[in-house]
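Secondary and tertiary structure notes
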Amino acid sequence: MSDLSHDERLTLTKRTMSLLESWNLSATDMMVLLQLPESVKARNIARFREEEPFPDSADVNRRVSYLLRIEEALQTYFPRNPEMRDMWVKRGNKQFGKRAPVAVMVEDGESGLISVLSHLDCTFAWDLTGSKTAYEVAG
């Protein structure tokens, strides 16, 4: 997000906050999930809903990127049913040892975000393996 304008960063922040709130995360869980700096206090998390973008740090930006890709993958899985998107995140899943994906993300940190995203988005998992394919047009 470093190369984005203040308004673009604010828009992504609002979108991310809306997503996390739809998952019923506490302010403390949001702080842990986003790896916000210690200078950000739980009581101040509300300022990110409207007036201030997230801190512009590599860790926060990477986690926001994962979260937004998870949101997009859930929209692909459940294109006509937003309630199912939130339900899937909150319900225990065999893939994660019967833990809810949101619990995996909060408790396991970045590796949890990667696990959930890899489960939802096979292209992300494919890229993680280093198996990127170069497509050539036969001419």
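Keep in mind that what you see is a predicted model, and the values were worked out from it rather than measured.

Helix and strand content of the chain: eight helices and zero strands. In the chain, the order of α-helices and β-strands from amino to carboxyl end is α-α-α-α-α-α-α-α. Within the chain, buried positions represent 38% of all 139 residues. The contacts of the chain with a sequence gap of at least 6 include a subset with a gap of at least 24, amounting to 56%. When the accessible surface of the chain is summed, it comes to about 8200 Å², and 50% of that surface belongs to carbon and sulfur atoms.

This brings us to the confidence of the model for the chain. Of the residues in the chain, 88% have a pLDDT of 70 or more, and the chain-wide mean is 89. By mean pLDDT, helix H8 (residues 122-128) is the weakest element of the chain at 68, and helix H6 (residues 101-108) is the strongest at 97.

Counted by the stated rule, this structure contains nine salt bridges. The shortest N-O distance in the salt bridge between Glu107 and Arg99 comes to 2.8 Å. Salt bridges linked by common partners bring Arg15, Glu71 and Glu72 together as one network.

This part covers the packing of aromatic side chains. Summed over all chains, the structure comprises two aromatic pairs. Their ring planes at 50° and their centres at 5.0 Å tell us that Phe48 and Phe54 sit as a pair that is tilted. For the ring pair Tyr77 and Phe78, a centre distance of 6.2 Å and an interplane angle of 50° mean the geometry is tilted. Residue classification places Phe78 among the buried positions, given a relative accessible area of 17%.

Rules used in this analysis
Residues numbered from 1 in each chain as written. Predicted model: local features only at pLDDT ≥ 70, side-chain atom pairs only at ≥ 80, totals over all residues. Heavy atoms only, no water. Helix = DSSP H or I, 4+ residues; strand = E, 2+ residues; numbered from the N terminus. Buried < 20%, exposed > 50% of the residue type's maximum accessible area, 1.4 Å probe, protein only. Contact = heavy atoms within 4.5 Å. Areas by Shrake-Rupley, 256 points an atom, 1.4 Å probe, with all protein chains shown as cover. pLDDT = per-residue confidence, 0-100. Salt bridge = Lys/Arg side-chain N within 4 Å of Asp/Glu carboxyl O. Phe/Tyr/Trp six-rings, centres within 6.5 Å; stacked < 30°, edge-to-face > 60°.

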